[in-house]
Amino acid sequence: DPAMCASVPVAPRKNLIFMVALFMGVLIPSLYIYIKELVRTKIATATEAQSLTSLPLVATVPVKHGIVENESSIVVRANKNDIMAESFRTLRTNLQFVMKKSAGNVIMFTSTVSGEGKTFVSTNFAVSAAMLGKKVLMMGMDIRRPRLAEVFNIDPKAEGITSFLCADEKEVAMLDKIIIPSTEVHNLYLLPAGIVPPNPAELLSKSNLEVAISYLSKKFDYIIMDTAPVGLVSDSIILSRVVDAVVYVSRVGYTEKAAFEFLNSLVKDGKL
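Thresholds applied
Residues numbered from 1 in each chain as written. Predicted model: local features only at pLDDT ≥ 70, side-chain atom pairs only at ≥ 80, totals over all residues. Heavy atoms only, no water. Helix = DSSP H or I, 4+ residues; strand = E, 2+ residues; numbered from the N terminus. Rg over C-alpha atoms; globule rule 2.2 N^0.38 Å. Buried < 20%, exposed > 50% of the residue type's maximum accessible area, 1.4 Å probe, protein only. Contact = heavy atoms within 4.5 Å. Areas by Shrake-Rupley, 256 points an atom, 1.4 Å probe, with all protein chains shown as cover. Lys, Arg positive; Asp, Glu negative; His and termini not counted. Charge placed at Lys NZ, Arg CZ, Asp CG, Glu CD. 1 Å grid on protein atoms, 1.4 Å probe; cavity = no way out; pocket = protein on both sides within 12 Å on 5 of 7 lines; lining within 4 Å. Points joined across faces, edges and corners; volume = space filled by probe spheres on them. Nonpolar A, V, L, I, M, F, W, Y, C, P; charged D, E, K, R; others polar. Pairing = 2+ DSSP bridges. Axes fitted to C-alpha atoms, helices over the stretch in contact; angles between N-to-C directions. Core = buried A, V, L, I, M, F, W, Y, C linked by side-chain atoms within 4.5 Å. Phe/Tyr/Trp six-rings, centres within 6.5 Å; stacked < 30°, edge-to-face > 60°. Lys NZ or Arg CZ within 6 Å of the ring centre and 35° of its normal.

Visitor: Explain the overall build of the chain here, please?
Guide: Each helix and strand in the chain was counted, giving 11 helices and 6 strands. Its C-alpha atoms give the chain a radius of gyration of 26 Å, clearly above 19 Å, the size a compact globule of 272 residues would have. Overall size of the chain, expressed as C-alpha extent along the three principal axes, is 120 × 45 × 35 Å. Looking at the chain as a whole, 40% of its 272 residues qualify as buried. Restricting to contacts in the chain with at least 6 residues of sequence separation, those with at least 24 account for 78%. Only carbon and sulfur atoms are counted for the fraction: they give 59% of the accessible area of the chain, which is about 15500 Å². Placing the 29 positive and 26 negative side-chain charges of the chain at their respective mean positions leaves the two points 4 Å apart.

Below you can see the structure in the form of structure tokens.
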């Protein structure tokens with residue numbers, strides 16, 4: 001018999017292949033994204049960070065890449081309008097609004113662990129506030145791993161707040177001697193940590209700290225503290241008794257989501 005052929009090939013069945021390819025093309029990436037999100041432990045966006053806590057988000061600051069060792073990490077400059085400077089202006093404005101609810105002027109910057117950017121944020125905020133015409137004191141209160149001298153290129157062996165904490169609390173005049181005016185930013189003054197003590201927690205618990213803050217609060221519009229990570233040591237919790245506002249710094253792609261549970265517990269227990 002003569003062969004009879006259909007109008008379309010019996011094989012390959014193109015429609016079936018296209019349907020399977022489309023299904024697999026949707027299923028495999030979706031499954032990959034779902035599993036990746038399921039096992040992700042770090043925050044991915046500022047919105048996600050805000051959803052993990054009831055605390056207000058005061059600002060988002062871009063990550064500054066390309067800062068090499070021994071290079072200043074100050075990115076806020078006079079007469080410079082870029083995204084970095086604008087983000088710190090936003091932080092400054094929002095914190096001014098927050099501070100209206102408090103009679104004080106002492107702001108502490110901390111984070112859960114090292115590397116989240118609290119020193120970067122606190123120092124640039126201090127520069128931004130000083131450029132507003134405010135008299136600002138930047139205090140290096142991370143006395144275990146002081147970085148203020150490195151950021152502002154001052155002598156790391158210079159006397160600092162630890163010298164006063166070890167001295168008689170009546171010697172407040174010592175504070176004026178160890179405060180260093182910034183050579184780069186008008187209205188900005190620096191009080192470094194000083195010599196690393198063998199007993200940081202005990203030193204910060206002394207009444208000298210209250211005396212120092214009471215004395216300095218009358219001389220400066222803002223006192224900015226760069227403190228130790230609260231998730232590693234108790235220093236920042238001890239310091240919180242003399243501050244009026246706490247800025248908690250987290251970093252996208254770095255901070256663990258579990259850190260916000262820890263933060264919420266600190267606030268709930270009244271420790272920060």
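Visitor: Just to check I follow, could you spell out empty space enclosed by the protein for this structure?
Guide: Empty space among the atoms becomes apparent when a probe as large as a water molecule is rolled across them. A complete count under the given rule lists 1 cavity of 30 Å³ or more for this structure. Tallied by class, residues from the lining of the largest cavity come to 4 nonpolar, 1 polar and 3 charged.

Visitor: Help me understand the sheet that holds strand 5 (residues 222-226) in this model?
Guide: Strands belonging to one sheet form pairs held by backbone hydrogen bonds; the direction of such a pair is parallel or antiparallel. Overall, mixed pairing links the 6 strands, which are arranged 3-4-2-5-1-6 in an open sheet. Looking along the sheet, the strands with just one partner apiece sit at the ends: strand 3 (180-181) and strand 6 (245-249). As paired elements, strand 1 (residues 106-111) and strand 5 share 4 bridges and run parallel to each other. By the bridge assignment for strand 5, Phe109 is matched with Asp226. Across the sheet, helix 9 (residues 208-217) lies against strand 1, strand 2 (136-140), strand 4 (188-191) and strand 5, angled at about 140° from strand 5, the strand it touches most.

Visitor: What exactly am I supposed to notice about the layout of surface pockets here?
Guide: Approximately 180 Å³ is the volume found for the second largest pocket. What lines the second largest pocket is simply Val8, Pro9, Pro12, Arg13, Lys14, Asn15 and Leu16. The residue makeup of the lining of the second largest pocket, split by class, is 4 nonpolar, 1 polar and 2 charged.

Visitor: What am I meant to see in the nonpolar core here?
Guide: Nonpolar side chains in soluble globular proteins tend to end up buried together. Residues Ile107, Phe109, Phe152, Leu188 and Ile224 are the most contacted members of the largest nonpolar core, which totals 33 residues. Of all the elements in the fold, those that place two or more residues in this core are helix 3 (83-99), strand 1, helix 4 (118-131), strand 2, helix 5 (148-151), strand 4, strand 5 and strand 6. Broken down by element, the residue count for this core peaks at 7 residues, all from helix 4. In this view, Phe152 contacts Ile74, Thr123, Val127, Met138, Leu188 and Leu190; residues no more than four positions away in its chain are not counted. By size, the runner-up hydrophobic cluster in this structure holds 30 residues, among which are Met108, Phe164, Ile178 and Leu204.

Visitor: Sorry if this is basic, but what is going on with the packing of aromatic side chains here?
Guide: Inspection of the entire model under this criterion finds 4 aromatic pairs. Aromatic side chains Phe88 and Phe120 sit 6.0 Å apart centroid to centroid with 65° between the ring planes, which places their arrangement in the edge-to-face category. Linking Phe88 in helix 3 with Phe120 in helix 4, this pair joins segments that are 32 residues apart in sequence. Each ring, one from Tyr189 and one from Phe220, has its centre 5.6 Å from the other, and the planes form 65°; the classification is edge-to-face. One end of the pair, Tyr189, is in strand 4; the other, Phe220, is in the loop between helix 9 and strand 5, and 31 residues separate them in sequence. An aromatic cluster is present here, built from Phe109, Phe125 and Tyr222 joined pairwise through their rings. Lys135 extends its terminal NZ or CZ atom over the ring of Phe220, reaching a point 5.1 Å from the ring centre. Across from the ring centre of Tyr254, 5.4 Å away, lies the NZ or CZ of Arg251, which sits over that ring.

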